[in-house]
Amino acid sequence: MFDALLDSHVNMAAINGLSLLAYRDLVTEGMRLADSNYRPRREEPSTDSILILGVTSGTTGEPKAAMLSHLNFVSGQAAAEFLGYDFCCEDVYLSYAPLTHVYEQIMHLAALHFQCQIGYSSGDITGLVSDIQLLRPTIFGSFPAFYNKIYAKMQERIENQYGVVQTLLDSAIQTKIFAYLRDGAIKHTLYDATLFYPFRRVLGGRVRMFVSGGAPLLPAVRNFLIAAFSAPIFECYGCTETA
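Here is a short report on the structure shown in this document. (Residues numbered from 1 in each chain as written. Predicted model: local features only at pLDDT ≥ 70, side-chain atom pairs only at ≥ 80, totals over all residues. Heavy atoms only, no water.)

## Some details on the overall build of the chain
Right, so step 1: Scanning the chain from N- to C-terminus turns up eleven helices and seven strands.
Right, so step 2: Considered along the principal axes of its C-alpha atoms, the chain spans approximately 75 × 45 × 30 Å.
Right, so step 3: Here the chain, with 243 residues, has 38% of them falling under the buried criterion.
Right, so step 4: Summarising the internal contacts of the chain: among those between residues at least 6 apart in sequence, 64% fall at separations of at least 24.
Right, so step 5: Accessible surface for the chain amounts to roughly 14,800 Å². Of this, 57% is attributable to carbon and sulfur atoms. (Helix = DSSP H or I, 4+ residues; strand = E, 2+ residues; numbered from the N terminus. Buried < 20%, exposed > 50% of the residue type's maximum accessible area, 1.4 Å probe, protein only. Contact = heavy atoms within 4.5 Å. Areas by Shrake-Rupley, 256 points an atom, 1.4 Å probe, with all protein chains shown as cover.)

Written as structure tokens, this is what we have:
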């Protein structure tokens, strides 16, 4: 999206009646129009203008169509940065949640703003782990149901270890969770390079931040993932109703 377009891609789009435009070209054209006497056919939206009607099953109450403004989305994007969850142009984000989810739209806006790379899943939920291992994202977003499965499988792996290894893993997890709850520390030089390395490889080995939406994570799952992956978790459930 931020790289130069390949002629093959441009030609493929033209064959299908589409015009392919690089993102930086789109920005340049927008700046050119802003500096000219161009006047849009419609009134420019304000911060309070409604951007979408977000239909939700009702995290905080009855099902509803929430009226979300431009300011809601900008605020939602800024919240992560305000809380210390940083993004950069070298980040890779795996998108597999439907864009009907407000949190997924906010993640896309953040990726565009910080020029992150976005990789899209194959669409087969049963092959999600394979998609993750192929893309090796640095930022991964999902829902508690998926994180619960990862947690259960890793707990099973720990239980199947020999006694000494199991004891070491249990001790390492408790040590890291204690350090995190005490002062927010999420890294441990020895444990991360040895005991937790195989865990990180399950999700590609590069995840440095998790995002979770839809519902709150169980504390045990949240703390375990932070300890095993040395990655903070940004919980943003209820975005449709609270953005």
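Moving on from the coordinates now.
## Side note on the packing of helix α6 (residues 144–159) against helix α10 (residues 219–229)
Right, so step 1: One can describe the packing of α6 onto α10 by two numbers: an axis separation of 10 Å at closest approach and a directional angle of 65°. The pairing of α6 with α10 is recorded here as roughly perpendicular in orientation. The way α6 lies across α10 gives a crossing that is left-handed. Contacts between α6 and α10 involve Y147, N148, I150, Y151, M154, Q155 and I158 from the first element and A220, V221, F224, L225 and F229 from the second. (Axes fitted to C-alpha atoms, helices over the stretch in contact; angles between N-to-C directions. Parallel < 35°, antiparallel > 145°, perpendicular 65-115°, else oblique. Left-handed = near helix turned anticlockwise from the far one by under 90°.)

## Structural notes on the sheet that holds strand β5 (residues 139–142)
Within a sheet, neighbouring strands are paired by backbone hydrogen bonds and run either parallel or antiparallel to one another.
Right, so step 1: Taken together, the five strands give an open sheet; going across it, the order is β4-β3-β5-β6-β7, and neighbouring strands pair in parallel fashion. The open sheet terminates on both sides in strands that have one partner only, identified here as β4 (117–120) and β7 (233–235). Across the sheet, the axes of successive neighbouring strands diverge by a mean angle of 20°, strand direction being ignored.
Right, so step 2: As paired elements, strand β6 (residues 209–212) and β7 share three bridges and run parallel to each other. Bridge assignment links S212 to a residue of β7, and that residue is E235. (Pairing = 2+ DSSP bridges.)

## Notes on the nonpolar core
Nonpolar side chains in soluble globular proteins tend to end up buried together.
Right, so step 1: Counting 56 residues, the largest nonpolar core has F140, F146, L203, F210 and L225 as its most contacted members.
Right, so step 2: Looking at this core, the element that brings in the most residues is α10, giving seven residues. (Core = buried A, V, L, I, M, F, W, Y, C linked by side-chain atoms within 4.5 Å.)

## Re the environment of S46
Right, so step 1: In this fold, S46 is placed in the loop between α2 (23–35) and β1 (50–56).
Right, so step 2: S46 sits 23 residues away from S69 along the chain, and the two C-alpha atoms are 8.8 Å apart.

## Observations concerning unusual backbone geometry
Right, so step 1: Phi angles above zero are rare outside glycine, and Q115 is one such case at about 60°.
Right, so step 2: You can see Q115 is positioned in the loop between α4 (102–113) and β4.
Right, so step 3: Positive phi values are uncommon outside glycine, yet S230 reaches one of about 50°.
Right, so step 4: Of note, S230 is situated in the loop between α10 and β7.
Right, so step 5: Taking relative accessible area as the criterion, S230 reaches 7% and is therefore assigned buried.

Purely geometric numbers; function is a separate question.
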